[in-house]
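Analysis of the macromolecular model
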Amino acid sequence: MERIKPPELARPSGFAHAVVVTGRTVFLAGQTALDADGRIVPGGLAVQFERALQNLLVALRAAGGGPEHLAQLTIYIVDMDDYRARAREIGAVWQRLVGRQYPATAGIGVARLWDVEALVELQGSAVLPADDRAGEG
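None of the values given here were measured: they were computed from a predicted structure.

**Remarks on the pattern of salt bridges**
- This model, assessed by the stated rule, comprises four salt bridges.
- R96 is paired through a salt bridge with E50; the nearest N and O atoms lie 3.0 Å apart. Of the two residues, R96 sits in helix α3 (residues 87–97) while E50 sits in helix α1 (residues 45–62), which places them 46 residues apart along the sequence.
- The partner of R86 in a salt bridge is E89, and the shortest N-O contact between them spans 4.0 Å.
- Residue classification places E89 among the partly exposed positions, given a relative accessible area of 43%.
- Sharing partners across several salt bridges, the network here consists of D82, R86 and E89.

**What about the confidence of the model for the protein?**
- In this model, the protein carries an average pLDDT of 92, and 96% of its residues clear a pLDDT of 70 or more.
- Element-level pLDDT for the protein is lowest in strand β2 (residues 18–20), with a mean of 86, against a maximum mean of 98 in helix α2 (residues 80–85).

**Re the packing of aromatic side chains**
- Summed over all chains, the structure comprises two aromatic pairs.
- Here F49 and Y83 contribute two aromatic rings whose centre-to-centre distance is 6.3 Å and whose plane-to-plane angle is 65°, an arrangement assigned as edge-to-face. Residue F49 is located in helix α1, and its partner Y83 is located in helix α2; the two are separated by 34 residues in the primary sequence. The burial state of F49 is the same as that of Y83; both residues are buried.
- Between the aromatic rings of W94 and Y102, the centroid separation amounts to 5.8 Å while the plane-to-plane angle is 15°, which identifies the pairing as stacked. For the pair formed by W94 and Y102, the shared burial category is buried.

**Focus: the sheet that holds strand β5 (residues 104–109)**
- Taken together, the four strands give an open sheet; going across it, the order is β3-β6-β4-β5, and neighbouring strands pair in mixed fashion. Edge positions in the sheet fall to β3 (24–31) and β5, since each of these pairs with one other strand and no more. Neighbouring strand axes in the sheet, compared pairwise and without regard to direction, differ in orientation by 10° on average.
- Note: strand β4 (residues 70–77) against β5, six bridges, orientation parallel. Each residue of the ladder has a partner; that of T74, found in β5, is A106.
- Seen against the sheet, α1 touches β3, β4 and β6 (120–128) and runs at an angle of roughly 30° to β6.

**Here's the deal with α3**
- Within the sequence span of α3, burial applies to I90, V93 and W94. Around the axis of α3, the buried residues are gathered within 100° of arc, so they sit on the same side. Exposed residues pointing more than 90 degrees away from the buried face of α3 are listed as R88 and R96.
- If you follow the buried residues of α3, they end up packed against α1, β4 and α2.
- Once α3 ends, the next one or two residues include G99, with phi positive near 115°.

The rules behind these values
Residues numbered from 1 in each chain as written. Predicted model: local features only at pLDDT ≥ 70, side-chain atom pairs only at ≥ 80, totals over all residues. Heavy atoms only, no water. Salt bridge = Lys/Arg side-chain N within 4 Å of Asp/Glu carboxyl O. Helix = DSSP H or I, 4+ residues; strand = E, 2+ residues; numbered from the N terminus. Buried < 20%, exposed > 50% of the residue type's maximum accessible area, 1.4 Å probe, protein only. pLDDT = per-residue confidence, 0-100. Phe/Tyr/Trp six-rings, centres within 6.5 Å; stacked < 30°, edge-to-face > 60°. Pairing = 2+ DSSP bridges. Axes fitted to C-alpha atoms, helices over the stretch in contact; angles between N-to-C directions. Contact = heavy atoms within 4.5 Å. Arc of directions from axis to C-beta.

Following this line, the structure appears as structure tokens:
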């Protein structure tokens, strides 16, 4: 996976401008801060971001990948001002769960999410190394 940082663009912080990959693509459905019982966890935006990211990573691991395979991430945010105010806290969660590599990322402000209690939703794509299953199915 090659992360592209064009010198003509501002230095990326918390995202990559572009990611070039080769392999098997995994499309990850949007994940909110749902617990195992299907309820949104309480605790505010950073707590919900952490749970949504954990849920996304569980889905990715079930598909045979890990955080290092994330190529693209879209973050749907109900309160953009709150998200920006908690950027360091959210960044610390990212680094603890994923590391210092970032996928191509977009943050999009939305009026609300499917579950009205949800403050953030993460959706992404990952690319796993090609293996002998390529071409199946």
